[in-house]
Amino acid sequence: MTLLGQFCLWLALFTALWGAGAAFLGRPDTRPDLARTAIRSTYGLAAALFVAALCLWKGLLAHDFNIEYVAQYTSRNLPTSYVFAAFWAGQKGSLLFWAGILSFFGAAAQGLTSRRHAALLPYVAAVTNLVVAFFVITMLFAANPFERLLFTPEDGRGLNPQLQNPGMTIHPPMLYLGYISITIPFAFAVAALLSKKLDTGWIHAMRKWTILSWLFLSAGITLGMWWAYVELGWGGYWAWDPVENASLLPWLTMTAFLHSVMIQEKRGMLKRWNVGLIVASFLLSIFGTFITRSGIIASVHSFAQGSVGAFFLVFLVLSAVLSFALLYIRWPLLEPEGQLESMASREAAFLFNNLALVGIAFSVLWGTLFPIISEAVRGTKITVGPPFFNRVNIPLGLFLLALTGIGPLIAWRKASAQNLRRQFIAPVATGLVVLVSLLAAGIREGWALTAWALAGFVAGTVTQEFWRGIRARRRMHGESIPGALAHLVARNRRRYGGYVVHVGILTYMVAFAGMAFKVTREVTLAPGQTAELRSPYGHTYQLTHLGVSQYNQLNRFVSAASLEVKKDGVGIGRLTSEKRQHRDSFGRNTFEPSTEVAIRSDLREDLYVVYAGSVGGTDQATYALTINPLVMWVWLGGAILIAGGLMTMWPGGPMITSRRRSETQAGYEAPLVGAGLAE
Amino acid sequence: MNRRALLGGAMLGLLGTRVSGQVPVARPDSAVGDPLYRPDLVQQRAVATAADNDPVVKELEQKLKCTCGCNLDIYVCRTTDFTCQYSPALHREVVDLRAAGKNPEEVVAAFVAKYGEQILMAPPAEGFNLAGYLVPGAAVLLAGSLIGLVLLRRARDAAPEPLPSHPAGLPAPNPADQETLRRALADVQD
């Protein structure tokens, strides 16, 4: 199997390079045969890498520990779902996953793109092939997943316990899909530059890919937060770790693009900026991978270090130089078609929205790289952690939240003072009502107050937008409120899906601000002993330690500590947190003991319990107890955001049946000038 | 009750955490439970003390990085990675310095003197580090001002094209249609 896998990698490399070469040598108008070859090569590439992936999966599931990767990341007693997911758990497998999925996306882009954009497709094939070729070269020369050992171990090392979580099967693939799919919009942008077809065609061709990529990144980041929260046991979901930051960077630039591209579509402006944003998003996705795999910056997420980092650095620099050189050469062809007419316009609001998003991306990048810069300039190592990022990014994030509410309220081109007054009254009033209510409730945390008041303002904006649309439909079509809402959304999915995304963002912000009221305590309890923990909402939890039980389970030995929980004296259930010592099939300990958190969630707060260990080898247990307010709103925000994103890219336009179309079509017939034109 | 236990109890009460029940308060390092079946397969911990929950200690530890290579602050590491040998020792250093009468600034200074500037979770806002704090905000402000200036100038220069009130060759608009259109536009300002 490894031989076949190895052969498929070489075949993939030659197919990718052949396809890219054919694309550059033959344009559709001069050598259509070569252009067709380039396009077909993407299907061959996907097939070769699919077979290579099957070979690795076969090795994993067959426990072929002679394959170094299989021995490194699995063991005989690892549950099958994690053996399957071990494909992307390590450096080498994840590179194959990346290359395979990208080849699939590359082929899908060829198959799904309208023939109207046929001139772009050979170049799109060339770019996707070259990126796949880079990953295959990296595998073949630095991180080969099919590398064999000189001996066969009796069992594998097993999977890191923190990766043995259901999230492991879905979070990394989602994030990878996000990173990987950015290559498709990038390929269309480069194809447009190469072919000089720089009208809005390339934007239409790749718009859904952009949203898809943004959706994958959003889902991957949210799932990553969830995984960190339920698995790592530190009571939070975002630590500003370099690898977390790296996933946020392309998400921010893609979000900026999704807004600024509307200005290009409606007004023919910001063409250069939009190409720049797509190129930057692609480069940032490679940069994120470089950080994870090079070990250049200390991170809890880093893969084992090797020579892979050098490959990524060279590829990153080459891609940046070539992309921006191409943009520079085509600069004169990207002249704007329109001019901004007023500062009080939606275009201006979107520009400032882009400024905030790119500004946050820059500050995150700057903070992530600042330790390296400082060491280079001063020779002093420093740490840039959460206090830095919070101080720099919270004001920018709130500015962005305000713009989320402001943008939709301002008309395109130019808004009159009367229009602005009419649009802003209700949302501003909503924000003020929220602010006054919170102050009256005794809340004095400045940032949290600002975030919640702005969230109220954004909620007011979105509600007003929906209500006005519904009212207009009711007046014009006499529809019921649910009917008007359904038709409103169905007829303008992009706009109203976008508003739903805004609701997701404000939900996130409300949840993030809640962490300002986090309560944490460490207590030691003997069986029967009770600890009390006061919630920021005023009620008190009573937690009574029941004891510690120990038993074997699957591939681990479990020590489980349980607490009976009461809220203001009323029983609400039992929480059990575990310590797990993972073992291989011969009963030998593998890895350090890991923790399983116990969480009781409701819409207001999470009671988060971690069994830290036992005192003197007895069932007297030490617990870390935490109350995390509003955490469930983070997951709700993610779900809303993704629902909104799906709405914007849902296929099809207004749902008009053929019967309705014939009923609604009215007018008069006009003979064509010159009957011959009708032929 | 000795003075430490009294102060510890008072601190726990102030923090909103109260431990009650039939079991007597244990001294750190002493255990009052039944032996575990496999004590070797679970982490051993000392009894949590008032100092572990001291808000000043917690705040200090959130500013200081654990030296185990985890990239976390001392507080998060010692309450998350229970296998870490470094964060409990660093925690004890913080507690000892506080017990020796050092104020928070002096504790931080002592850590920087011993471990170097990288012990801080965020660099002090002085000297070259100021660039770290100020560059992002300054860049956004500068870019925002430039965009604002350019937009203002362009907006001044760009005279809106006058729209023909009634294109030639088209029938006169119906007042009822115009009213419908006006109301629809008023409702949907897009």
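Residues numbered from 1 in each chain as written. Chains lettered and ligands numbered in written order. Predicted model: local features only at pLDDT ≥ 70, side-chain atom pairs only at ≥ 80, totals over all residues.

Caption draft 1: Expanded view of the overall build of chain A. Helix and strand content of chain A: 20 helices and nine strands. For 679 residues, the compact-globule formula gives about 26 Å, and the C-alpha radius of gyration of chain A, at 28 Å, lands near that figure. Once the C-alpha set of chain A is aligned to its principal axes, its extents read approximately 100 × 70 × 60 Å. Looking at chain A as a whole, 54% of its 679 residues qualify as buried. Sequence-distant contacts in chain A: of pairs separated by 6 or more residues, those separated by 24 or more amount to 72%. (Helix = DSSP H or I, 4+ residues; strand = E, 2+ residues; numbered from the N terminus. Rg over C-alpha atoms; globule rule 2.2 N^0.38 Å. Buried ≥ 20, exposed ≤ 12 C-beta atoms within 10 Å, placed from the backbone. Contact = placed C-beta atoms within 7 Å.)

Caption draft 2: Spotlight on the overall build of chain B. Secondary structure summary: chain B contains seven helices and one strand in total. Its helices and strands taken in sequence order, chain B reads α-β-α-α-α-α-α-α from the N to the C terminus. Counting the 190 residues in chain B, one finds 28% classified as buried. Contacts spanning at least 24 positions in sequence make up 40% of the contacts within chain B whose residues lie at least 6 apart.

Caption draft 3: Up close: helix α12 (residues 308-329) of chain A. Look at α12 of chain A: 32 Å from first C-alpha to last across 22 residues, which is about the 32 Å you get at 1.5 Å a residue. Where the residues of α12 of chain A are buried, they touch α5 (91-112), α6 (121-141), α8 (183-195) and α11 (271-294) of chain A. (Expected span 1.5 Å × (residues − 1).)

Caption draft 4: Spotlight on unusual backbone geometry. Residue and element names in this part refer to chain A. Positive phi outside glycine occurs at Trp240, with the angle close to 55°. Mapped onto the secondary structure, Trp240 falls in the loop between α9 (201-232) and α10 (242-267). Residues other than glycine seldom take positive phi values, yet Leu554 does so here, at roughly 45°. Tracing the chain through its elements places Leu554 in the loop between β3 (540-553) and β4 (556-567). For Leu554, a count of 12 C-beta atoms within 10 Å translates into the label exposed.

Caption draft 5: Here's a closer look at the interface of chain B and chain A. At the interface, 68 residues of chain B touch 79 residues of chain A. Of all the secondary structure elements, the ones that give two or more residues to the side of chain B that touches chain A are β1 (17-20), α6 (129-157) and α7 (175-187) of chain B. Sort the elements by how many residues they give to the side of chain B that touches chain A and α6 of chain B lands first, with 14 residues. Of the residues that constitute the side of chain B that touches chain A, the class distribution is 36 nonpolar, 20 polar and twelve charged. (Nonpolar A, V, L, I, M, F, W, Y, C, P; charged D, E, K, R; others polar.)

Caption draft 6: Spatial organisation of the confidence of the model for chain B. All names here are of chain B. Scored by pLDDT, chain B comes out at a mean of 78, with 71% of its residues at no less than 70. The lowest-confidence element of chain B is helix α1 (residues 3-15), averaging 42 in pLDDT; the highest-confidence one is helix α5 (residues 104-115), averaging 96. Under a pLDDT of 50 for its full length, residues 1-18 has, in the predicted model, 26 contacts with residues more than four places off or in other chains. Below pLDDT 50 for its whole length, residues 21-29 participates in 16 contacts with residues either more than four positions away or in separate chains. (pLDDT = per-residue confidence, 0-100.)

Caption draft 7: Molecular detail of the packing of α10 of chain A against α11 of chain A. All names here are of chain A. At a closest axis distance of 9 Å, the pairing of α10 and α11 adopts a crossing angle of 165°. Looking at the two axes, α10 sits roughly antiparallel to α11. With respect to the hand of their crossing, α10 and α11 are arranged in left-handed fashion. The residue inventory of the contact of α10 with α11, partitioned by class, reads 16 nonpolar, nine polar and one charged. (Axes fitted to C-alpha atoms, helices over the stretch in contact; angles between N-to-C directions. Parallel < 35°, antiparallel > 145°, perpendicular 65-115°, else oblique. Left-handed = near helix turned anticlockwise from the far one by under 90°.)

Caption draft 8: Spatial organisation of the sheet that holds strand β8 (residues 605-614) of chain A. Residue and element names in this part refer to chain A. With antiparallel pairing, four strands are arranged side by side in an open sheet as β1-β9-β8-β7. With one partner strand each, in any of the chains shown, β1 (519-525) and β7 (598-601) form the two edges of the open sheet. Shown here is a sheet whose adjacent strand axes are inclined to one another by a mean of 15°, direction ignored. In this structure, β1 lies alongside strand β9 (residues 621-629), joined through seven bridges in antiparallel fashion. In the strand pairing of β9, Thr520 is matched with Thr626. (Pairing = 2+ DSSP bridges.)

Caption draft 9: Structural context of the pairing of strand β2 (residues 530-534) of chain A. All names here are of chain A. Bridge count between β2 and β3: five bridges; the pairing is antiparallel. Across the sheet, residue Glu532 finds its bridge partner in β3, namely Gln542. In this structure, the hairpin formed by β2 and β3 is closed by a connection of five residues, where Gly538 is found at a positive phi of approximately 110°.

Caption draft 10: Local environment of helix α1 (residues 2-25) of chain A. Residue and element names in this part refer to chain A. Spanning 24 residues, α1 covers 34 Å between terminal C-alpha atoms, matching the ideal 34 Å at 1.5 Å per step. Along α1, the residues that are buried comprise Thr2, Gly5, Cys8, Leu9, Ala12, Leu13, Thr15, Ala16, Gly19, Ala20, Ala22 and Ala23. Each element contacted by the buried residues of α1 is listed here: α2 (32-61) and α6.

Caption draft 11: Structural detail: the nonpolar core. All names here are of chain A. With 220 residues, the main nonpolar core has Phe188 and Ala191 as its most contacted residues. Sorting elements by how many residues they give to this core places α9 first, with 19 residues. Among residues more than four places away in sequence, those in contact with Phe188 are Leu120, Val124, Trp202, Ala205 and Met206. Judged by nonpolar contacts, the second largest core, of 32 residues, contains Leu563, Tyr611, Leu625 and Ile627. (Core = buried A, V, L, I, M, F, W, Y, C linked by C-beta atoms within 7 Å.)

Caption draft 12: Structural detail: the pairing of β7 of chain A. All names here are of chain A. Across four bridges, the pairing between β7 and β8 is antiparallel. Paired with Ile599 across the two strands is Tyr608, which belongs to β8. Counting the residues that bridge the hairpin from β7 to β8 gives three residues.

Caption draft 13: Region of interest: the environment of Thr520 of chain A. Residues and elements named next belong to chain A. Topologically, Thr520 is positioned in strand β1. Placed 107 residues apart in sequence, Thr520 and Ile627 show a C-alpha to C-alpha distance of 6.5 Å. Those residues within four positions of Thr520 in sequence are excluded, and the remaining contacts are Gly235, Ala624 and Thr626.

Caption draft 14: Representation of the environment of Ala490 of chain A in the model. Residues and elements named next belong to chain A. Of note, Ala490 is situated in helix α17 (residues 481-491). By the C-beta count within 10 Å, which is 16 here, Ala490 ends up partly exposed. Residues Ala490 and Val261, spaced 229 residues apart in sequence, show a C-alpha to C-alpha distance of 21 Å.

Caption draft 15: Inspection of the environment of Phe128 of chain B at higher detail. Secondary-structure assignment places Phe128 of chain B in the loop between α5 and α6. The residues contacting Phe128 of chain B, other than those within four sequence positions of it, are Ser374, Val377 and Arg378 of chain A.

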